[in-house]
Amino acid sequence: HRKGGHRPEEADIALADLLHQITQRFVAWGFWKVFHYLRNMGHKENHKRVYRIWKQEKLHLRLPPRRTRIHRKYQRLLSPEKPNEGWAMDFVSDWVVGAQQKQVRIINIIDEGSRRALWTEAHKSISGKKLTEILDHVVEYRGKPAYIRCDNGPEFISQKLELWAQEHQIELRFIQPGKPSQNGLIERLNKTLRTECLNLCWFTSMEELNEEIQSWSQVYNQLRPHENLGNKTPEQYETLNQNFYYSTVAA
């Protein structure tokens, strides 16, 4: 009942039912879209009456429709006990300021056990196909890990990477959206790359950028002490923990 104890008019009840039918069918439509749809269908009610019923039925409180979320199995960040057990990968963005300034993407892949930077390289863009080619190179000289941890970026959730992981029997461990702390080791590597290399100067070409990145990665792996490794370098840590397998390719 409304205030004053009067029953709603039958016409109001019919209009309310009609509004519910329309909004159930066209879930993304707002009031004005529905109102003009009614007009086009021959209904003559003015917008004030329709809006009064719209609010009375709480249709203005409807939540906008969203795609159903893709549910994946998320894993807590637990560092492996030995090298080459698990990797993590992520992207870093930067700029090349040559004749024409352009943004580039840098792929970072790290061994979560030894903290070794396995692959750091800049590209104009990195597709799912290009990503699997890079991973093939790393597996070729390193051997495959049990898992690779990554976020939910388009390259990482691509069918190309999923099929590649299935073929190599490698588990893809996705972090929860908006929680980069679940991929903290690669995030730390990204920050180190930026503060100790990318932020130090501007690069005028892709070649110059990649040369500087490669020089940095050698320092990172061979010379830079890592507190979480007992102030050893990744190379020293792997030498002290040689009870793991990785393949090497003859030069």
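Note that the coordinates shown come from a computational prediction; the quantities given were computed from them, not determined experimentally.

1. Details of the overall build of the protein chain
- When helices and strands are counted, the protein chain shows eight helices and five strands.
- Counting helices and strands in the order they occur from the N terminus, the protein chain gives α-α-α-β-β-β-α-β-α-β-α-α-α.
- Per-residue burial over the protein chain gives 40% buried out of 251 residues.
- Looking at the protein chain alone, contacts between residues at least 24 apart form 64% of all its contacts between residues at least 6 apart.
- Of the roughly 15,700 Å² of accessible surface on the protein chain, a fraction of 49% belongs to carbon and sulfur atoms.

2. Thoughts on the nonpolar core
- Core analysis: the biggest nonpolar cluster contains 21 residues, and Met89, Ile109 and Leu135 have the highest contact counts within it.
- Put simply, the parts of the chain that give this core at least two residues each are β1 (86-97), β2 (101-111), α4 (128-142), β4 (147-150), α5 (159-168) and β5 (171-174).
- Ranked by the residues each element gives to this core, the list is headed by α4, at five residues.
- Apart from the residues lying within four places of it in its own chain, the contact partners of methionine 89 are Ile107, Asn108, Ile109, Leu131, Leu135, Ile148, Arg149, Cys150, Phe156, Leu161, Asn183 and Ile186.

3. Here's the deal with the layout of surface pockets
- Considered as a void within the structure, the largest pocket measures approximately 240 Å³ in volume.
- Residue lining of the largest pocket: 14 residues in total, with Ala117, Leu118, Gln214, Ser217 and Asn221 positioned closest to the centre.
- Elements with a minimum of two residues in the lining of the largest pocket: β3 (117-123) and α7 (206-222).
- If one sorts the elements of the lining of the largest pocket by residue count, α7 sits on top with six residues.
- The class makeup of the residues in the lining of the largest pocket is four nonpolar, seven polar and three charged.
- By volume, the second largest pocket amounts to about 190 Å³.
- Taken together, Ile110, Arg115, Leu185, Arg188, Leu189, Thr192, Tyr220, Arg224, His226, Glu227, Asn228 and Leu229 make up the full set of residues lining the second largest pocket.
- The residue inventory of the lining of the second largest pocket, partitioned by class, reads five nonpolar, three polar and four charged.

4. With respect to the environment of valine 50
- Examined against the element boundaries, valine 50 turns out to sit in helix α3 (residues 47-56).
- Under the relative-accessibility criterion, valine 50 is labelled buried at 1%.
- Taking the C-alpha atoms as reference, valine 50 lies 8.8 Å from leucine 19; in sequence the two are 31 residues apart.
- If near-sequence neighbours (up to four positions away) are discounted, valine 50 is found in contact with Leu15, Leu19, Phe31, Phe35, Leu38 and Glu45.

5. Quick look at the confidence of the model for the protein chain
- Scored by pLDDT, the protein chain comes out at a mean of 86, with 88% of its residues at no less than 70.
- Confidence, read as mean pLDDT per element, is least for helix α1 (residues 10-25) in the protein chain (90) and greatest for β3 (96).
- Considering only residues more than four positions removed or in separate chains, one finds that residues 1-6, a stretch of pLDDT under 50, has seven contacts.

6. Side note on the sheet that holds β5
- Pairing is mixed in the open sheet, where five strands are placed in the order β3-β2-β1-β4-β5. Each having just a single partner strand, β3 and β5 make up the two edges of the open sheet. Strand-to-strand twist across the sheet, computed as the mean angle between neighbouring axes with direction ignored, equals 25°.
- Pairing of β1 with β4, which is carried by three bridges, proceeds in the parallel orientation. Each bridged residue has a counterpart across the sheet, and for glycine 86 the counterpart in β4 is tyrosine 147.
- Where helix α6 (residues 184-196) meets the sheet, it contacts β1, β2 and β3, and its direction lies at approximately 30° from that of β1.
- Packing against the sheet, α7 makes contact with β1, β2 and β3, and its axis sits at approximately 165° to β3.

7. Examining the packing of α4 against α5
- The interhelical angle for the contact between α4 and α5, taken along N-to-C directions, is 25°, at an axis separation of 8 Å. Judged on the interaxial angle alone, α5 and α4 are roughly parallel. Side by side, α4 and α5 meet where Gly128, Lys129, Leu131, Thr132, Leu135, Asp136 and Val139 of the first sit next to Lys160, Leu161, Trp164 and His168 of the second.
- Tallied by class, residues from the contact of α4 with α5 come to five nonpolar, three polar and three charged.

8. What about the packing of aromatic side chains?
- Going through the model one piece at a time under the given rule, you end up with 10 aromatic pairs.
- Between tryptophan 29 and tyrosine 37 the ring centres are 5.4 Å apart and the planes differ by 65°, which places this aromatic pair in the edge-to-face class.
- On the basis of relative accessible area, tryptophan 29 is assigned to the partly exposed category, the value being 24%.
- Relative accessible area serves as the criterion here: at 22%, tyrosine 37 is assigned to the partly exposed category.

Conventions adopted
Residues numbered from 1 in each chain as written. Predicted model: local features only at pLDDT ≥ 70, side-chain atom pairs only at ≥ 80, totals over all residues. Heavy atoms only, no water. Helix = DSSP H or I, 4+ residues; strand = E, 2+ residues; numbered from the N terminus. Buried < 20%, exposed > 50% of the residue type's maximum accessible area, 1.4 Å probe, protein only. Contact = heavy atoms within 4.5 Å. Areas by Shrake-Rupley, 256 points an atom, 1.4 Å probe, with all protein chains shown as cover. Core = buried A, V, L, I, M, F, W, Y, C linked by side-chain atoms within 4.5 Å. 1 Å grid on protein atoms, 1.4 Å probe; cavity = no way out; pocket = protein on both sides within 12 Å on 5 of 7 lines; lining within 4 Å. Points joined across faces, edges and corners; volume = space filled by probe spheres on them. Nonpolar A, V, L, I, M, F, W, Y, C, P; charged D, E, K, R; others polar. pLDDT = per-residue confidence, 0-100. Pairing = 2+ DSSP bridges. Axes fitted to C-alpha atoms, helices over the stretch in contact; angles between N-to-C directions. Parallel < 35°, antiparallel > 145°, perpendicular 65-115°, else oblique. Phe/Tyr/Trp six-rings, centres within 6.5 Å; stacked < 30°, edge-to-face > 60°.

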